Amino acid sequence: MKAIILSAGKGTRFKSEKPKVLHKLLGKPMIFYVKEAVKWIKPEEVIFVVGHKKEDVIKEINCKSCKFAVQEKQLGTGDAVKSSLEYWKDFDGYLLIINGDTPLIKGQTLKDAVNYLNALINYEGRQINDKNYQNKNIAGLVLTAKLDNPYGYGRIIKGKAGVIDKIVEEKDASPLEKQINEVNSGIYLIYAPFLKEALNKLTSNNKQNEYYLTDVIEILKNEGKYFYSFDVGDFTQILGVNDRWELSKAEKILKTQFLYFWAVNGATIHNPDTVWIDFDVSLDKDVEIYQGVSLRGETEVLEGSVIYENCVIINSKIGKNVKIYPNTVIENSVIQDNAEIGPFARIRNNTVIGENCSIGNFVEVKNSQIGSRTNAKHLTYLGDAEIGKNVNIGAGTITCNYDGVNKHKTIIKDGAFIGSDTMLVAPITIGENAYTGSGSVITKDIPDNALAVERAKLKILENYANRKKEKKEKNESC
Ligand code: UD1
Ligand code: CA
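Residues numbered from 1 in each chain as written. Chains lettered and ligands numbered in written order. Predicted model: local features only at pLDDT ≥ 70, side-chain atom pairs only at ≥ 80, totals over all residues. Heavy atoms only, no water.

Caption draft 1: Looking closely at the environment of Gly 431. Tracing the chain through its elements places Gly 431 in the loop between strand 36 (428–430) and strand 37 (435–436). Along the chain, Gly 431 and Ser 294 lie 137 residues apart, while their C-alpha atoms are 39 Å from each other. (Helix = DSSP H or I, 4+ residues; strand = E, 2+ residues; numbered from the N terminus.)

Caption draft 2: Structural context of helix 6 (residues 192–199). Among all positions of helix 6, only Ala 192, Phe 194, Leu 195, Ala 198 and Leu 199 are buried. Angularly, the buried residues of helix 6 cover 155° about the axis, an arc narrow enough to put them on a single face. Those residues of helix 6 that are buried are in contact with helix 3 (77–83), strand 6 (94–99), strand 7 (138–146), strand 10 (182–191) and helix 7 (215–221). (Buried < 20%, exposed > 50% of the residue type's maximum accessible area, 1.4 Å probe, protein only. Arc of directions from axis to C-beta. Contact = heavy atoms within 4.5 Å.)

Caption draft 3: The pattern of salt bridges, seen in detail. Summed over all chains, the structure comprises 19 salt bridges. A salt bridge links Lys 201 to Glu 223, with the nearest nitrogen and oxygen atoms 2.5 Å apart. One end of the pair, Lys 201, is in the loop between helix 6 and helix 7; the other, Glu 223, is in the loop between helix 7 and strand 11 (226–231), with 22 residues separating them in the sequence. We note a salt bridge from Glu 386 to Lys 409, for which the minimum N-O separation is 2.9 Å. Of this pair, Glu 386 sits in strand 30 (residues 385–387) while Lys 409 is found in the loop between strand 32 (398–400) and strand 33 (410–412), placing the two residues 23 residues apart along the sequence. Taking the relative accessible area as the measure of exposure, Glu 386 reaches 35% and is therefore partly exposed. In this structure Lys 409 comes out as partly exposed when scored by relative accessible area, which is 40%. Residues participating in the shared-partner salt-bridge network are Lys 2, Glu 45 and Lys 67. (Salt bridge = Lys/Arg side-chain N within 4 Å of Asp/Glu carboxyl O.)

Caption draft 4: Structural context of the packing of aromatic side chains. Counted under the stated rule, the structure contains 13 aromatic pairs. With 5.7 Å between their ring centres and 80° between their planes, Tyr 33 and Phe 279 make a pair best called edge-to-face. Remark: Phe 279 occurs in the loop between strand 13 (276–277) and strand 14 (282–283) and Tyr 33 occurs in helix 1 (residues 30–39); sequence separation between them is 246 residues. Aromatic side chains Tyr 290 and Tyr 308 sit 5.0 Å apart centroid to centroid with 20° between the ring planes, which places their arrangement in the stacked category. Taken together, the positions of Tyr 290 in the loop between strand 15 (288–289) and strand 16 (294–296) and Tyr 308 in the loop between strand 18 (306–307) and strand 19 (312–314) put the pair 18 residues apart, joining distant regions of the chain. Through successive ring pairs, a cluster of aromatic residues spans Phe 32, Tyr 33, Phe 258 and Phe 279. Here the guanidinium or amino end of Lys 28 rests over the ring plane of Phe 32, the centre of that ring lying 5.0 Å away. The cationic tip of Lys 407 hangs over the ring face of Tyr 402; the distance from NZ or CZ to the ring centre is 5.1 Å. (Phe/Tyr/Trp six-rings, centres within 6.5 Å; stacked < 30°, edge-to-face > 60°. Lys NZ or Arg CZ within 6 Å of the ring centre and 35° of its normal.)

Caption draft 5: Spotlight on the coordination of the calcium ion (ligand 2). The coordination sphere of the calcium ion (ligand 2), as far as protein atoms go, consists of Asp 101 (OD) and Asn 242 (OD1), spread over 2.2 to 2.4 Å. One end of the pair, Asp 101, is in the loop between strand 6 and helix 4 (107–123); the other, Asn 242, is in the loop between strand 11 and helix 8 (244–264), with 141 residues separating them in the sequence. Residue Asp 101 shares its accessibility class with Asn 242, and that shared class is buried. (Donors = N, O, S within 2.8 Å, 3.2 Å for Na, K, Ca; no water.)

Caption draft 6: A look at the site of ligand 1. Neighbouring ligand 1 are 23 residues; Gln 71, Gly 76, Thr 77, Glu 169 and Asn 184 lie closest to it. Between ligand 1 and Gly 76, the relevant distance is 2.8 Å, taken from an oxygen atom to a main-chain nitrogen or oxygen of the residue. Out of a free accessible area of 750 Å², ligand 1 has 91% covered by protein chains. Residue assignment for the shell around ligand 1 shows that the elements contributing at least two residues are strand 1 (2–7), helix 3 and strand 10. With three residues, the top contributor of residues to the shell around ligand 1 is strand 10. (Near = heavy atom within 4 Å. Polar contact = N/O pair within 3.5 Å; in protein donor to acceptor, adjacent residues only side chain to side chain. Areas by Shrake-Rupley, 256 points an atom, 1.4 Å probe, with all protein chains shown as cover.)

Caption draft 7: Spotlight on the nonpolar core. Residues Trp 88, Ile 97, Leu 195, Leu 283, Ile 353 and Ile 430 are the most contacted members of the largest nonpolar core, which totals 134 residues. A total of seven residues in this core trace back to one element, the largest contributor, which is helix 1. The residue makeup of this core includes at least three contributed by each of domain 1 (2–238) and domain 2 (244–452). Excluding its chain neighbours within four sequence positions, the residues that come into contact with Ile 430 are Ile 411, Ile 412, Lys 413, Ala 416, Ile 418, Leu 424, Thr 436, Ile 442 and Ile 446. (Core = buried A, V, L, I, M, F, W, Y, C linked by side-chain atoms within 4.5 Å. Domains from an automatic or database assignment.)

Structure representation (structure tokens):
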């Protein structure tokens, strides 16, 4: 079997510069999901029909073994398939043809359809891979579903014994035909030699002046070659995505499916409607996700970790038994086992937080490596820093890493104790077990075990308040 994926359309209703099939659901373009589903039937060749902004589409599809057929003008789905003829004109077998805008279709469903077609053919005593099809009358299958609201879809008009007479598009349908709720999914299995003949007979004599692939059904039927329907059951699988609201609805369905998948694999998801999860995220067992959490990109959360309310985690690895408290943002970073982060922390740009660390509220850490059992619990900025283990970073500490031109590094060695409100003017090294006094501006390297204090001498003015009061009273009386 060969597969043809139609992805040349502009997607006018998206009102977008970007081709429709490149719009993303859960971090992956629509066309990605179709490509993945098609893999399930192991086609010997996958052909994409591209057209509008074809370079962008080909780049995003990123498939070396795939073939790309170019449809110069988007004259309709029939014309799109015809544009790919060079890849299958001599092919004696069935083609899977699928619209690129049905991202919810499952691979298993495509496999089931192929098996059903096989069964139909075998029933007549033939095999799907027979070389001699000339006398066969099974032209193929149309995958269908029944919708409560079939508006916008092609309707399946059936004759006797389940044979499809024709497919009528919404715009061409009579009032009676519009009442039919079995619709065309835009997914077909078609015997290639029959299709080749029928494509030549297509006209654009319809409301949209397009060459409809769906007209092939009636053309072949009139020649005694029949299409049957394969009802996919779950109608959500065939939802076509033609505008941004349909994209939102499809994305929501997909997201619920992913959350369900992780839940049955051992993760607890609280209030799943409010949780976001991208395609590439993975969750281990006994992970717990609270409401409002957004897990994006290639994020991995290992066993026993808990992510509390409203955290955003992007392309990051969260180790085992980590606790991420509410409203924390973590990006492109690694949090090692047993660490605790937040609430209201921000970790970004290739930061590594070591095991058992505690990074607290209003702490920002950027491009820094932090050793195990180090704490920075309150109101701190650590940027471009290399911090050892068992270090204590006092509240209000800031690594002054930027001189307006370049970024500089701060090194804090094992066991150091940074007093509250220390300014560490980088480049700088604080030695092992060294101390800095609260409120110090540290501009020189501090040796191991030393204490560095940099403060103006403390003045105490006795009786200051009384003198101030007296002065005020005197001014008011005159
Ligand atoms: C199509 C079907 C309709 C079906 C619906 C299911 C036809 C005539 N109609 O309608 O019966 O119910 O899908 O979702 O086929 N494309 C091209 N080149 C073109 C036109 C379209 O490659 O010239 C591609 C699009 O990129 C898209 C797919 O074909 O991926 C379907 O095209 P679209 O215009 O969305 O068809 P529908 O009107 O949804
Ligand atoms: Ca469509």
